[in-house]
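Secondary and tertiary structure notes
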Amino acid sequence: MKKFLISKNLLLLTLVIGLLLAMFGCGEENKSTSAISTSVGEDITVSGTAVKGPVEGGMVTAYGMNNGAKGEQLGSATTDAQGNFSMTISDYSGPMMLSMNGGTYTDEATGSMMTMGTNDVMTAVMPSISGGASVTGIQITPLTAMAQAMAGDMPGGMTANNIDAANMAMSQYFMVGDVLRTMPMNPNMPGSGAGATQEMRNYGMVMAGMMESAMMLGMPSSSGMVTAMMNDASDGMMNGMMGGNTPVAMGGGMSMMGGGTMMQNNAGTTGLANAMAAFMSSGMNKSGLTVADMQALMDRLNSSSGAIQ
């Protein structure tokens, strides 16, 4: 009888423990399912500015990444008169690319209103976006476009690590701090240099120098210079080549600086420094800055081997 009671008690204890384990197991399963479901459907807000001067009426499209390459379209927005844009994206996490095409802008070197070329785009890549985030102050510029082209040409493509590396290298090459977040100074705006950091000055003057180069080359649309610079930067070397040994073709009719339809091998080094100096000495430079204010960046470009680092 005593053995029977002990066996009965052990059986009851076993049943109780089993029930408790089942209850806790279900609780953990429900907890896990709940944690996953809370991330689904969380919107992301992405906003910023497209600058080459400010681009009005440009279409900014966001893309996810698929194995290091541009993937599905996530959202879009149109830039206002100041180049600002804002879009809401649902349920995405990972690297993201912004691509802007179309629109009009005031060319820094000539003061003329120009239209983005049909085949010209400006891009920017971010290494990581997560659900529910509000991402503000993103700049889409010739420099972010060059960084995107460089990341895309790296082994593995536009992975988070490659995007980080390309954005950082481009920032260091042009001494702008952070190509994605630093707001470029507008050198066409009177007195703009006084309230700008050196990084903002460098950013604005580099882009003005690119537009000055386009004017000197007789390009009908200076946005073609952005495309050429993207191609030049794609292999991580500013030497007028892409893929190591393929000359970069230029759009439009070139009339100076050697002529021809191929990019000069110094376009992103000494040629850009000279173009910056020419812009700063022109009437289009209303920033109040002189060559002396930009000497450190110009010295860097003049002494550069072209390696983006």
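Let me begin by describing the structure that accompanies this report. (Residues numbered from 1 in each chain as written. Predicted model: local features only at pLDDT ≥ 70, side-chain atom pairs only at ≥ 80, totals over all residues. Heavy atoms only, no water.)

Turning our eyes to something else, we now look at the sheet that holds strand β1 (residues 43-50). The strand order across the open sheet formed by three strands is β4-β1-β9, and the pairing between neighbours is mixed. The two strands at the open ends of the sheet, each matched to only one other strand, are β4 (84-90) and β9 (134-140). Adjacent strand axes in the sheet meet at a mean angle of 25° when their direction is disregarded. Here five bridges tie β1 to β9, and the two strands are oriented parallel to one another. Of the residues in β9, the one forming a bridge with G48 is I138. (Pairing = 2+ DSSP bridges. Helix = DSSP H or I, 4+ residues; strand = E, 2+ residues; numbered from the N terminus. Axes fitted to C-alpha atoms, helices over the stretch in contact; angles between N-to-C directions.)

Across the interface, helix α4 (residues 198-216) lies against helix α6 (residues 270-280) with an axial gap of 8 Å and an inter-helix angle of 95°. With respect to α6, the axis of α4 lies roughly perpendicular. Across the interface between the two elements, M205, V206, A208, G209, M210, E212 and S213 from α4 touch G271, L272, A275, M276, A278, F279 and M280 from α6. (Parallel < 35°, antiparallel > 145°, perpendicular 65-115°, else oblique. Contact = heavy atoms within 4.5 Å.)

Inside soluble globular proteins, nonpolar side chains tend to come together where they are buried. Within the largest apolar cluster, 84 residues are counted, with the highest numbers of intra-cluster contacts made by L98 and F174. Among residues more than four places away in sequence, those in contact with L98 are V46, V60, T61, A62, F85, M87, M122, T123, A124, M126, I138 and I140. (Core = buried A, V, L, I, M, F, W, Y, C linked by side-chain atoms within 4.5 Å. Buried < 20%, exposed > 50% of the residue type's maximum accessible area, 1.4 Å probe, protein only.)

Taken together, four strands build an open sheet; the order of strands is β3-β2-β5-β8 and the sheet is antiparallel. Across the chains shown, the open sheet's two edge strands, defined by having one partner strand only, are β3 (69-78) and β8 (122-129). Along the sheet, successive strands turn relative to each other by an average axial angle of 25°, direction set aside. When strand β2 (residues 59-66) meets β3, the two strands line up antiparallel, connected through seven bridges. If you follow M59 over to β3, its bridge partner there is T78. The sheet strands contacting helix α2 (residues 142-153) are β5 (94-101) and β8, and the helix crosses β8 at an angle near 65°.

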